[in-house]
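Each chain, written out:
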Amino acid sequence: MDSLEALPHLTCTSPRLETFALISMGASSRVAQIVGMDPVKENALSGLKKKIIDGNYLTSLADRDVLVSEGLATILNIRVADTLIIYGQGIHGSTAAARLRVGGIVKLPFPALNNGTLYLTLTNAQDLFSADGRITSVAIMADNVRNLPSIVDGVRKAVGNGVALMTWNEMMPELVQSIELDNASGIVMLLILYIVIAFGVFGTVMMMT
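Quick caveat: nothing in here was measured; it's all calculated off a predicted structure.

The rules behind the values
- Every residue gets a number counted from 1 within its own chain, in the order that chain's sequence is written.
- Where totals are concerned, whole chains, interfaces and linings use all residues; where local detail is concerned, this predicted model gives features only for residues with pLDDT of at least 70, and gives and counts side-chain atom pairs only at 80 or more.
- Excluding hydrogens and water, the side-chain figures rest on all heavy atoms present in the structure.
- Take the buried residues of types Ala, Val, Leu, Ile, Met, Phe, Trp, Tyr and Cys, join any two whose side-chain atoms come within 4.5 Å, and each joined set is a nonpolar core.
- Exposure classes here rest on a 1.4 Å probe applied to the protein chains alone. A residue is buried below 20% of its type maximum, exposed above 50%, and partly exposed in between.
- For helices the rule is a DSSP run of H or I covering at least 4 residues; for strands it is a run of E covering at least 2, with both sets numbered from the N terminus onward.
- The pairing criterion for strands is at least two bridges between them, as found by DSSP.
- For this quantity, the arc is that covered by the directions from the helix axis to the C-beta atoms.
- Should any heavy atoms of two residues lie within 4.5 Å, those residues are counted as being in contact.
- We define a polar contact as two N or O atoms separated by no more than 3.5 Å, with the added condition that, inside protein, one atom must be a possible hydrogen donor and the other a possible acceptor, whereas residues neighbouring each other in sequence contribute only through side-chain atom pairs.
- In this analysis, the protein atoms alone were mapped onto a 1 Å grid. Cavities are point sets where a 1.4 Å probe fits without being able to get out; pockets are open sets with protein on both sides within 12 Å along at least five of seven lines; lining residues have an atom within 4 Å of a point.
- Grid points are joined across faces, edges and corners, and a volume is the space filled by probe spheres set on the points.
- Here the nonpolar group is Ala, Val, Leu, Ile, Met, Phe, Trp, Tyr, Cys and Pro; Asp, Glu, Lys and Arg are the charged ones; every other residue, Gly included, is treated as polar.

### Some words on the nonpolar core
Counting 25 residues, the largest nonpolar core has V68, L84 and L118 as its most contacted members. Looking at this core, the elements with two or more residues in it are β1 (10-25), β2 (28-37), β4 (66-69), α3 (70-76), β5 (83-89), β6 (95-106), β7 (117-121) and α5 (122-128).

As structure tokens, then:
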């Protein structure tokens, strides 16, 4: 982490421990993505604190509360200050189970994430899944997309070849396709508009002639 944060053109980094587990509330349960993160660094990277719609954001790594996405809270009828159960699998097949208090409800922009995501602090997640000192990923924010090639080279030298390194367009090809489709539809609409304008000018010139 120190070597990554020392690289130029990086605005922030956020270490994460991500996995899936069963979330239960009363008689209802659902599989959800569990994201263990540093509250301060994650907020600097993704602005997660601004997405809180009820309750409070996590204050530090020592916080034991969890944040539940709005859709998941609706499905399981979860409210702030409720206690939910997380049941999953830790390192080497160990059982990961805990009762945790809901500190806040967060609304995420993507429906798939909003319907099945739970946030807790990185230290809390490491304790829960018996993964002391371990992370699964580091999210990196660049100051400018033009600096992406140099950043990729710098990160590669810092972490070595044993770690998968992916840019945002490699991680989210569906989003890239959506952007390309939107650009293509914009070009088609402009072409139609130019054709209409051209016929209007042509008709005016012809009548004047």
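Text resumes after the structure shown.
### A look at the pairing of β7
Of all five residues in β7, five are buried; the element is thus mostly enclosed. Pairing analysis gives five bridges linking β2 to β7, with the strands arranged parallel. Within β7, the position partnered with V35 by the bridge is Y119. Two elements, β4 and β7, share three bridges in a ladder whose sense is antiparallel. Looking at β7, one finds that V68 is bridged to L118.

### Quick look at helix α2 (residues 39-46)
Buried within α2 we find P39, E42 and L45. Looking straight down α2, one finds its buried side chains confined to an arc of 135°; they lie on one side. Turned more than 90 degrees away from the buried face of α2, the exposed residues are V40 and A44. Along its buried surface, α2 packs onto β1, β2, β7 and β8 (137-142). For α2, the side-chain oxygen to backbone nitrogen distance between the N-cap and V40 is 3.0 Å, and the N-cap itself is D38. Once α2 finishes, G47 follows within two positions and takes phi at roughly 65°, a positive value.

### Concerning the layout of surface pockets
Its boundaries defined by the atoms lining it, the largest pocket holds a volume of some 1600 Å³. In terms of lining, the largest pocket is formed by 42 residues, of which the most central are R16, L45, A139, I140 and M171. With six residues, the single largest contributor to the lining of the largest pocket is β8. Across the lining of the largest pocket, the residue classes tally to 30 nonpolar, eight polar and four charged.

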